[in-house]
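An overview of the molecular structure
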Number of protein chains: 2
Amino acid sequence: MKRFAIEFSYDGTNFFGYQGQPNVRTVQGELENALEKIFKERIYTQVAGRTDAGVHANGQVAAFNCPIERLTARDIKNALNANLPRDIYVKKAWEVDKNFNPRFKAKKRIYHYLIKTDERNIFLRNFVWHFKYELNIEKMRIAARFLEGEHDFSSFKKGNDRKNPIRTIFRIRIIRLRTNLILIRVEGISFLRSMVRNIVGSLVKVGLGQWPPEKIKEVLELRSRQEAAGTAPPHGLYLYKVIF
Amino acid sequence: MKRFAIEFSYDGTNFFGYQGQPNVRTVQGELENALEKIFKERIYTQVAGRTDAGVHANGQVAAFNCPIERLTARDIKNALNANLPRDIYVKKAWEVDKNFNPRFKAKKRIYHYLIKTDERNIFLRNFVWHFKYELNIEKMRIAARFLEGEHDFSSFKKGNDRKNPIRTIFRIRIIRLRTNLILIRVEGISFLRSMVRNIVGSLVKVGLGQWPPEKIKEVLELRSRQEAAGTAPPHGLYLYKVIF
């Protein structure tokens with residue numbers, strides 16, 4: 001049986017997160033509904049990174065078996081886009097090895113977080129964190145350095161997450177895209193639940209001058225969720241790219 | 001009694017157009033609901049330009065009487081933003097003359113229409129017209145010249161519009177904002193219903209090479225809606241600015 005991977009984007013605004021759940025609209029649910037329409041049978045999918053409600057994806061990756069042998073990658077892309085709702089779009093499909101599971105094969109996951117610091121722009125309300133105070137990005141960059149590398153990220157996990165808290169962040173870049181638009185780009189192998197949003201919440205404390213950059217090192221070393229700042233809202237976050 | 005004008009933006013996606021109507025969600029309805037919450041009485045508003053369902057505004061202008069004498073323009077802006085839904089935002093408020101009616105006082109209305117010609121971007125699906133063919137903007141600029149000035153725009157009106165079809169377009173600019181993002185900026189005193197979208201639909205025919213630029217002159221002179229091309233979709237259109 002053939003197996004395909006797809007790279008797809010979605011606007012997370014109207015989804016109750018990625019993972020399929022009964023009675024709510026999820027990205028996985030819609031994807032598997034579209035596959036069922038195409039193949040007339042339930043097709044199960046594996047995904048590179050589950051995202052929370054309101055979180056977007058520019059380049060999420062999923063994989064599934066294809067029960068119709070003659071279909072090409074091009075057919076898969078077209079058939080899915082014809083059957084998916086308007087807030088999910090398949091950018092690319094390609095054939096993969098029988099054992100390909102994007103969750104375990106991913107070598108790098110890149111998340112983007114967008115913060116806008118001037119007046120509200122109605123057209124971006126679901127796509128950036130509007131934050132009305134100016135941020136000192138030089139200080140945020142100094143703080144971000146402490147998070148790079150392999151660490152116990154217990155201070156930045158979701159409260160109830162029991163997974164191994166040791167993770168590796170390759171790099172955090174903080175880029176001023178426009179005068180009042182800041183991109184925080186976080187590259188790592190894998191992340192704990194809410195980890196990127198918790199990191200952003202704490203970096204913003206530094207950007208505001210409420211914390212010195214070194215406080216991030218202290219928070220990290222205390223390995224306790226209570227030490228870090230609040231979680232940044234989901235709608236500024238994008239699973240930007242998964243690299244295999 | 002004091003009178004205020006407001007400049008406000010809205011995302012037209014989830015509105016059944018600007019004008020208040022029973023049983024549907026309209027921008028005017030939401031604005032007057034917010035005013036009623038603030039003033040505990042129904043306040044009627046006048047507006048510079050009614051927009052159709054799905055059409056956005058960057059700088060719509062409305063005016064209304066204020067029954068509470070001590071309120072300042074700053075208070076009006078803040079009170080409205082605290083009471084309006086998330087898809088309407090007041091950018092500015094200022095006191096105006098008792099007789100100020102934005103519909104009749106407007107000296108210029110500027111509309112923007114955005115067309116994107118590369119692959120669908122899920123985050124822009126409600127904000128640009130995705131159009132998968134390349135457009136020749138040089139030819140579109142030649143065609144647009146025929147529409148500038150005072151003309152009978154019957155060929156570009158909505159079928160059932162009985163208003164005087166003589167209108168003045170000061171200028172049409174066609175600007176490549178990015179490689180695959182085209183802005184059509186139309187400046188005039190006032191417009192017939194659907195007029196900008198009908199003009200865009202016909203200019204796109206020229207951009208595609210289906211019509212020579214001179215065909216626009218011919219269509220205009222025939223003064224018949226049947227001669228022009230189809231109407232461009234509403235979600236690429238913005239009432240960008242009203243000048244008094």
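Residues numbered from 1 in each chain as written. Chains lettered and ligands numbered in written order. Predicted model: local features only at pLDDT ≥ 70, side-chain atom pairs only at ≥ 80, totals over all residues. Heavy atoms only, no water.

Let's shift gears to the packing of aromatic side chains. Pairs of aromatic rings are described using the distance from one ring centre to the other and the angle between the two planes. Using the criterion set out here, one finds 23 aromatic pairs over all chains in the structure. Relative to Phe123(B), the ring of Phe127(A) has its centre 5.7 Å away and its plane inclined at 75°; by these criteria the two rings are edge-to-face. With Phe127(A) in the loop between strand 5 (108–116) and strand 6 (129–130) and Phe123(B) in the loop between strand 5 (108–116) and strand 6 (129–130), the pair connects residues from two separate chains. Of the two residues, Phe127(A) and Phe123(B), both sit in the buried class. (Phe/Tyr/Trp six-rings, centres within 6.5 Å; stacked < 30°, edge-to-face > 60°. Helix = DSSP H or I, 4+ residues; strand = E, 2+ residues; numbered from the N terminus. Buried < 20%, exposed > 50% of the residue type's maximum accessible area, 1.4 Å probe, protein only.)

A separate point is the interface of chain A and chain B. Taken residue by residue, the interface counts 19 residues in chain A and 19 residues in chain B. When chain A packs against chain B, the two sides together hide about 1,900 Å² of surface, and 52% of this comes from carbon and sulfur. When the buried area of chain A at its contact with chain B is split by residue, Arg86(A), Phe123(A) and Arg125(A) rank highest and sum to 37% of it. Viewed at the interface, chain B and chain A are joined by 4 salt bridges. Arg125(A) is the salt-bridge partner of Asp11(B), the closest N and O atoms lying 2.9 Å from each other. (Contact = heavy atoms within 4.5 Å. Buried area = accessible area lost by both parts, 1.4 Å probe. Salt bridge = Lys/Arg side-chain N within 4 Å of Asp/Glu carboxyl O.)

In this section: the relation of the copies chain A and chain B. Relative to chain B, chain A is turned by 180° and slid 0.0 Å along the rotation axis, the superposed coordinates differing by an RMSD of 0.0 Å. The superposition operator between the copies reduces to a two-fold rotation axis. (Least-squares fit on C-alpha atoms with pLDDT ≥ 70 in both.)

Residues and elements named next belong to chain A. Along its sequence, chain A is carved into domain 1 (2–104) and domain 2 (107–243). Spacing between the C-alpha centres of domain 1 and domain 2 amounts to 27 Å. Between domain 1 and domain 2, the residue contacts involve 19 residues of the former and 16 residues of the latter. Interface area for domain 1 against domain 2, summed over the two sides, is near 1,300 Å², with a carbon-plus-sulfur share of 48%. Looking only at domain 1, the three residues that lose the most surface to domain 2 are Asp52, His56 and Asn58, adding up to 38% of its buried area. (Domains from an automatic or database assignment.)

Here Asn126(A) lies in the loop between strand 5 and strand 6. With residues up to four places along the chain from it excluded, the contact list for Asn126(A) reads Thr13(A), His56(A), His235(A) and Arg86(B).

All right, on to the environment of Tyr10(B) then. By secondary structure assignment, the location of Tyr10(B) is in strand 1 (residues 2–10). Counting along the chain gives 80 residues from Tyr10(B) to Val90(B), while the straight-line C-alpha distance between them is 8.8 Å. Ignoring sequence-local partners within four residues, the contact set of Tyr10(B) consists of Ile122(A), Phe123(A), Phe15(B), Tyr18(B), Val27(B), Thr51(B), Val55(B), His56(B), Ala57(B), Gln60(B), Asp87(B) and Ile88(B). In terms of polar contacts, Tyr10(B) uses its side chain to reach the side chain of Thr51(B), at 2.7 Å. (Polar contact = N/O pair within 3.5 Å; in protein donor to acceptor, adjacent residues only side chain to side chain.)

Its volume calculated, the largest pocket comes out at about 1,700 Å³. Lining the largest pocket are 45 residues, and of these Leu124(A), Arg178(A), Leu181(A), Leu124(B) and Arg178(B) lie nearest its centre. Its residues assigned to classes, the lining of the largest pocket shows 23 nonpolar, 11 polar and 11 charged. (1 Å grid on protein atoms, 1.4 Å probe; cavity = no way out; pocket = protein on both sides within 12 Å on 5 of 7 lines; lining within 4 Å. Points joined across faces, edges and corners; volume = space filled by probe spheres on them. Nonpolar A, V, L, I, M, F, W, Y, C, P; charged D, E, K, R; others polar.)

Residue and element names in this part refer to chain A. Considering the arrangement of structural elements, one finds Lys158 in the loop between strand 7 (149–152) and strand 8 (166–178). When its relative accessible area of 31% is taken as the criterion, Lys158 is described as partly exposed. Once the C-alpha coordinates of Lys158 and Ile216 are considered, the two residues, 58 residues apart in sequence, prove to be 17 Å apart. Leave out the neighbours within four places in its chain, and Lys158 touches Arg193, Ser194 and Asn198.

Here the focus is helix 5 (residues 195–207) of chain B. Residues and elements named next belong to chain B. Helix length check: helix 5, at 13 residues, gives a terminal C-alpha distance of 18 Å against a target of 18 Å (1.5 Å per residue), a fit within 8%. Counted residue by residue, helix 5 has 12 buried out of 13 residues, so it is predominantly covered. Along helix 5, the positions that sit buried rather than exposed are Met195, Val196, Arg197, Asn198, Ile199, Val200, Gly201, Ser202, Leu203, Val204, Val206 and Gly207. Directly after helix 5, the chain includes Gly209, whose backbone phi takes a positive value near 85°. (Expected span 1.5 Å × (residues − 1).)

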